[in-house]
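An overview of the molecular structure
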Amino acid sequence: MSDIITTLKQKIENTENPKLLLEYLGSGSNGSAYLIEVEGVKYAAKFSKSVAQTNFEIKPLRKARGIKHTAQLEAYSLEEGCVIMELLPGTDVTQLSYIKEPNYSDDHINQLINTVVELYANGITIDPKPSNFMYDPQT
């Protein structure tokens with residue numbers, strides 16, 4: 001996997017606007033995420049703006065291990081400033097159009113609430129910004 005990350009990082013660094021890369025998934029205030037595929041499995045590789053930020057992100061991801069509907073840590077490299085997580089299904093809720101606005105079922109709302117409660121019980125505080133939430137009607 002390290003070869004894939006090294007190649008992606010070089011591609012990002014050699015591109016005038018990395019947000020135009022096909023692999024680009026999104027950005028936040030602390031870094032950007034890109035799609036990678038390893039042996040047919042898709043992952044999000046998040047590059048942080050600093051090693052300190054990468055280190056800061058690892059702890060809650062480790063605490064969230066096994067909690068449904070949350071990103072799962074697969075690997076990380078402090079040297080590369082990268083955290084690799086399984087790619088969550090769905091669409092960022094801010095990207096859903098008004099025409100295609102989902103009718104969130106009571107079950108989906110309950111799953112969201114239960115996930116947030118479980119994260120909190122494990123000492124994890126979430127960033128409740130809408131773009132941090134994915135919606136998948138199949139899960």
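No experiment lies behind these values; they were computed from the predicted model shown.

Below, the discussion takes up the pattern of salt bridges. The final tally for this structure, using the stated rule, is three salt bridges. Lys 9 is the partner of Glu 80 in a salt bridge, and the nearest nitrogen-oxygen pair spans 3.4 Å. Residue Glu 80 is located in the loop between strand 4 (73-77) and strand 5 (82-86), and its partner Lys 9 is located in helix 1 (residues 2-13); the two are separated by 71 residues in the primary sequence. Glu 57 is paired through a salt bridge with Lys 46; the nearest N and O atoms lie 3.0 Å apart. Highlighted residues: Glu 57 in helix 2 (residues 51-63) and Lys 46 in strand 3 (residues 41-48), separated in sequence by eleven residues.

Let's shift gears to the pairing of strand 1 (residues 24-28). The sheet contact formed by strand 1 and strand 2 (residues 31-38) spans four bridges and is antiparallel. Following the sheet pairing, Ser 27 is matched in strand 2 by Ser 32. Hairpin connection from strand 1 to strand 2: two residues lie between these consecutive antiparallel strands.

This brings us to the nonpolar core. Listed in full, the twelve residues of the largest apolar core are Ile 5, Leu 8, Ile 12, Leu 21, Tyr 34, Ile 36, Val 38, Tyr 43, Ala 45, Phe 47, Cys 82 and Ile 84. The set of elements that each furnish at least two residues to this core consists of helix 1, strand 2, strand 3 and strand 5. Non-local contacts of Ala 45, meaning those with residues more than four positions away in its chain, are made with Ile 5, Leu 8, Ser 32, Ala 33, Tyr 34, Ile 36, Cys 82, Val 83 and Ile 84. Ile 58, Leu 61, Leu 73 and Val 83 belong to the second largest nonpolar core, which has five residues in total.

Here we take up a nonpolar patch on the surface. Taken together, the side chains of Tyr 104, Ile 109, Ile 113 and Val 117 present a nonpolar region at the surface, about 340 Å² in accessible area. Along the chain, the position of Ile 109 falls in helix 3 (residues 106-121). Note on Ile 109: relative accessible area 36%, which makes it partly exposed.

This part takes up the sheet that holds strand 3. If you walk across this open sheet you meet the five strands as 1-2-3-5-4, and the pairing is antiparallel. Whereas interior strands pair on both sides, the edge strands pair on one side only; in this sheet they are strand 1 and strand 4. Geometrically, the sheet is characterised by an average inter-axis angle of 25° between neighbouring strands, direction not taken into account. Contacting strand 2, strand 3 and strand 5, helix 1 crosses the sheet at an angle of about 135° to strand 2.

About the cut-offs
Residues numbered from 1 in each chain as written. Predicted model: local features only at pLDDT ≥ 70, side-chain atom pairs only at ≥ 80, totals over all residues. Heavy atoms only, no water. Salt bridge = Lys/Arg side-chain N within 4 Å of Asp/Glu carboxyl O. Helix = DSSP H or I, 4+ residues; strand = E, 2+ residues; numbered from the N terminus. Pairing = 2+ DSSP bridges. Core = buried A, V, L, I, M, F, W, Y, C linked by side-chain atoms within 4.5 Å. Buried < 20%, exposed > 50% of the residue type's maximum accessible area, 1.4 Å probe, protein only. Contact = heavy atoms within 4.5 Å. Patch = residues over 30% accessible without salt bridge, like charges linked within 9 Å, V, L, I, M, F, W, Y side chains within 5 Å. Areas by Shrake-Rupley, 256 points an atom, 1.4 Å probe, with all protein chains shown as cover. Axes fitted to C-alpha atoms, helices over the stretch in contact; angles between N-to-C directions.

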